[in-house]
Amino acid sequence: MESKCSMSGTLHIFRRRIANGGDTYQLNYTMTGSTFAKVFGSHHELRNFLLELGLEPSALDSVWTALTRSGNVTLDDLEVSPQQATSLGMTHADIDF
């Protein structure tokens, strides 16, 4: 994830239970002045996306454990450029903090 434009940010993942259906997952990546979001219809889609972001396969176990227990997980100090987030299909929104 090396890029001159990369900034350290925080990744939040939320599991949403759908009545009479499976789980969906919302992912928000927040860095100074911007946030990016994406929704996934399955844990398989989310897993593949996290691997594309550069998470190590071994780190995914702790992500799934946290999502199973509490329904959310936060990962700090991830380096993702705005260009990378956009190229991976994340929606961008400016924020005031």
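The structure we're discussing is the one just above.
Worth saying up front: this structure is predicted, and the values here are computed from it rather than measured. (Residues numbered from 1 in each chain as written. Predicted model: local features only at pLDDT ≥ 70, side-chain atom pairs only at ≥ 80, totals over all residues. Heavy atoms only, no water.)

## Brief notes about unusual backbone geometry
Applicable threshold: Secondary structure elements follow DSSP: runs of H or I no shorter than four residues count as helices, runs of E no shorter than two count as strands, and numbering proceeds from the N terminus. The rule is simple: take the accessible area with a 1.4 Å probe, protein chains only, and divide by the maximum for that residue type; under 20% is buried, over 50% is exposed, in between is partly exposed.
Phi is positive for Asp 77, close to 60°, though the residue is something other than glycine. Within the secondary structure, Asp 77 sits in strand 4 (residues 72-80). Using a relative accessible area of 61% as the deciding quantity, one classes Asp 77 as exposed.

## Here's the deal with the side chain of Arg 15
Operational definition: Here the positive residues are Lys and Arg and the negative ones are Asp and Glu; neither His nor the chain ends is included. A pair is scored as a salt bridge if a Lys or Arg side-chain nitrogen falls within 4 Å of a carboxyl oxygen belonging to Asp or Glu. For this analysis, a polar contact is any N or O atom pair within 3.5 Å, provided that within protein one partner can donate a hydrogen and the other can accept it, and provided that sequence-adjacent residues contribute only side-chain to side-chain pairs. Contacts were defined at the residue level, with two residues in contact if any of their heavy atoms lie within 4.5 Å.
Along the polypeptide, Arg 15 turns up in strand 1 (residues 7-17). The charged side chain of Arg 15 is buried without a salt bridge, its nearest counter-charge being Asp 23 at 4.0 Å. At a separation of 3.4 Å, a polar atom in the side chain of Arg 15 contacts the main-chain carbonyl oxygen of Thr 68. Apart from the residues within four sequence positions on either side, Arg 15 is in contact with Asp 23, Thr 24, Tyr 25, Leu 67, Thr 68 and Gly 71.

## Quick word on the nonpolar core
Basically, it comes down to this: Throughout, nonpolar core names a set of buried Ala, Val, Leu, Ile, Met, Phe, Trp, Tyr and Cys residues whose side chains join them through atoms within 4.5 Å.
By size, the foremost hydrophobic cluster in this structure holds 24 residues, and its most contacted members are Leu 11, Ile 13, Leu 27, Leu 46 and Leu 50. When contributions to this core are tallied by element, the ones reaching two or more residues are strand 1, strand 2 (23-31), strand 3 (34-40), helix 1 (43-53), helix 2 (57-70) and strand 4. Other than its neighbours up to four places away in sequence, Leu 50 contacts Leu 11, Ile 13, Leu 27, Leu 55, Leu 60 and Val 63.

## Quick notes on the pattern of salt bridges
In this structure the tally under the stated criterion is 1 salt bridge. Arg 17 is the partner of Asp 23 in a salt bridge, and the nearest nitrogen-oxygen pair spans 3.3 Å. For Asp 23, a relative accessible area of 23% corresponds to the partly exposed category. Exposure remark for Arg 17: the relative accessible area of 61% places this residue in the exposed category.

## Notes on the environment of Tyr 29
With respect to the helices and strands, the residue Tyr 29 is situated in strand 2. Given a relative accessible area of 1%, Tyr 29 falls into the buried group. Sequence separation of Tyr 29 and Gly 9 is 20 residues, and the distance between their C-alpha atoms is 6.6 Å. Here Leu 78 takes part through its backbone oxygen, which lies 2.8 Å from a polar atom of the side chain of Tyr 29.

## So, helix 1
Residues that lie three or four places apart on an α-helix share one face, since the helix turns once every 3.6 residues. The test is simple: Relevant arc is that of directions from the helix axis to the C-beta atoms, nothing else.
Within helix 1 the residues assigned to the buried category are Leu 46, Phe 49, Leu 50 and Leu 53. Along the long axis of helix 1, the arc covered by the buried residues comes to 100°, so they all point the same way. At the C-terminal side of helix 1, Gly 54 shows a positive phi close to 110°.

## Brief notes about the packing of helix 1 against helix 2
The geometry of a pair of packed helices is captured by two quantities: the angle between their axes and the separation between those axes. Just so we agree on the cut-off: Whenever a helix is involved, its axis is fitted only over the stretch in contact; in every case the axis is a line through C-alpha atoms, and angles between N-to-C directions fall within 0 to 180 degrees. Note on angle classes: values under 35 degrees are labelled roughly parallel, values over 145 roughly antiparallel, values of 65 to 115 roughly perpendicular, and the remainder oblique. Here a crossing is taken to be left-handed if its near helix is turned anticlockwise relative to the far helix by less than a right angle, and right-handed if that turn runs clockwise.
Taken N-terminus to C-terminus, the directions of helix 1 and helix 2 make an angle of 140°; their axes are 11 Å apart at the nearest point. It follows from the interaxial angle that helix 1 and helix 2 lie oblique. Where helix 1 crosses over helix 2, the two elements pack in a sense that is right-handed. Here His 43, Leu 46, Arg 47, Leu 50 and Leu 51 of helix 1 lie close against helix 2, whose contacting residues are Pro 57, Leu 60, Val 63, Trp 64 and Leu 67.

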